[in-house]
Amino acid sequence: MKKFIILGLILFTGCSSAPHKMVLCNRTTNKMGVAMDLSYYIKYDNDNVTEIQSIEKIRSNDKSKLDYFKSNFEELYKNYVGLDYYTYDLSEENNTLTSTVSIVYNDENTDTLLKVAQSGKSFSKIGKVNVDSLLSYYKSVGVTCEKK
């Protein structure tokens, strides 16, 4: 279940300098020897997500647990190799695995992103990522969001 939540949340992550509305989302957990600090910065225009940036930090003294999450992140990322509007970085230091993902959604790439990420179709309305649908999903998995 953790794998699905994290991979689902990662799917919708970006950043830009355009003046858009913003939502900040966070979740902190500490279960079974794994602490997670999850942060999502969502920009949107009208009802459509334009960019998301995620920073997910997973801490554990158990190397096998970090390796499990690292493997899952790497498996997800390989689906997005070569997409200019999807960037990611995965680093591990001092018992902390950090995943940083940025996605820019626009008219030219949203369909491609939704095809790669089949689970993302539930957030889509007419080829756009709907901000309220995304926020409902986040809420359902325990992520708290605040519109700015």
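Each remark here, short or long, concerns the structure printed above.
Attention in this report is confined to the structure presented alongside it. (Residues numbered from 1 in each chain as written. Predicted model: local features only at pLDDT ≥ 70, side-chain atom pairs only at ≥ 80, totals over all residues. Heavy atoms only, no water.)

**Details of the sheet that holds strand E3 (residues 48–59)**
Read across the sheet, 6 strands follow the order E4-E5-E3-E2-E1-E8 without closing on themselves; strand pairing throughout is antiparallel. Edge strands, defined here as strands with exactly one partner in the open sheet, are strand E4 (86–93) and strand E8 (144–147). Averaged over neighbouring strand pairs, the angle between their axes works out to 10° when direction is ignored. One ladder, built from 9 bridges, connects E3 with strand E5 (residues 96–104); its direction is antiparallel. Along E5, the bridge assignment pairs isoleucine 52 with isoleucine 103. The sheet contacts of helix H2 (residues 63–77) involve strand E2 (34–45), E3, E4 and E5, and relative to E4 the element is tilted by about 165°. (Pairing = 2+ DSSP bridges. Helix = DSSP H or I, 4+ residues; strand = E, 2+ residues; numbered from the N terminus. Axes fitted to C-alpha atoms, helices over the stretch in contact; angles between N-to-C directions. Contact = heavy atoms within 4.5 Å.)

**Structural notes on the nonpolar core**
Nonpolar side chains in soluble globular proteins tend to be buried together. Grouped together as the largest cluster of nonpolar side chains are 33 residues, with contacts concentrated most on Cys25, Ile42, Val49, Ile58, Tyr86, Leu113 and Tyr138. Of all the elements in the fold, those that place two or more residues in this core are strand E1 (21–31), E2, E3, H2, E5 and helix H4 (131–140). Top contributing element to this core by residue count: E2, with 6 residues. Excluding anything up to four places from it in sequence, cysteine 25 contacts Leu38, Ser39, Tyr40, Ile42, Leu135, Tyr138, Val143, Thr144 and Cys145. (Core = buried A, V, L, I, M, F, W, Y, C linked by side-chain atoms within 4.5 Å. Buried < 20%, exposed > 50% of the residue type's maximum accessible area, 1.4 Å probe, protein only.)

Just distances and angles here, no functional claims.
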